[in-house]
Amino acid sequence: MVTKELLLYLRQRLLDARSAKNQEQLKDLQGTFYVLQEAIWSTKQYSKMAAFLDDMIDSVRDSFQGVEWKSEIPSIEAIERLNTDD
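Let us look at the structure shown here. Owing to the predicted nature of the structure, the values given are computational and were not obtained by experimental measurement.

A separate point is the side chain of S59. Tracing the backbone shows S59 in helix α3 (residues 48-64). Overall, S59 belongs to the buried group, its relative accessible area being 0%. Each residue touching S59, except ones within four places of it in the same chain, is listed here: L14, R18, S71 and I73.

Dropping the structure here:
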């Protein structure tokens, strides 16, 4: 459903938006993460992809609250190890 490449792309956009403190882009990403998360949940198969999206949603929330250090963004290596069948 969600590919590693998409997660890597969204991860980089999240890092860029946080670095630039771009609130508008963070809002857009938050909406994207919620839509993808809902799609995964609709399959009734919670997966590592959903867990990565949870981490990214937490990161956006923490960015809005000014505590970016509080959340963990999945590493490139963790995403690349992701089994797309997971």
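Having seen the model, we can carry on.
One can expect most non-glycine residues to show negative phi and most peptide bonds to be in trans. A positive phi angle is found at K21, which is not glycine, with a value near 55 degrees. Tracing the sequence through the fold places K21 in the loop between α1 (4-20) and α2 (23-42). According to the relative accessible area criterion, K21 is exposed, its value standing at 56%.

In this section: the side chain of D62. Relative to the assigned elements, D62 resides in helix α3. Leave out the neighbours within four places in its chain, and D62 touches V67, E68, K70 and S71.

Here we come to the pattern of salt bridges. All chains considered together, the criterion is met by 3 salt bridges. Across the salt bridge formed by E68 and K21, the nearest N and O atoms sit 3.8 Å from each other. Taken together, the residues E68 in the loop between α3 and α4 (76-80) and K21 in the loop between α1 and α2 connect sequence positions 47 residues apart. You can call E68 partly exposed: its relative accessible area is 22%. Across the salt bridge formed by R61 and D62, the nearest N and O atoms sit 3.0 Å from each other. By relative accessible area, R61 is classed as partly exposed at 35%. Here D62 falls in the buried class, since its relative accessible area comes to 1%. Residues joined in a network through salt bridges with shared partners are D58, R61 and D62.

Definitions and limits used
Residues numbered from 1 in each chain as written. Predicted model: local features only at pLDDT ≥ 70, side-chain atom pairs only at ≥ 80, totals over all residues. Heavy atoms only, no water. Helix = DSSP H or I, 4+ residues; strand = E, 2+ residues; numbered from the N terminus. Buried < 20%, exposed > 50% of the residue type's maximum accessible area, 1.4 Å probe, protein only. Contact = heavy atoms within 4.5 Å. Salt bridge = Lys/Arg side-chain N within 4 Å of Asp/Glu carboxyl O.

Without other data, these values stay purely geometric and don't point to any function.
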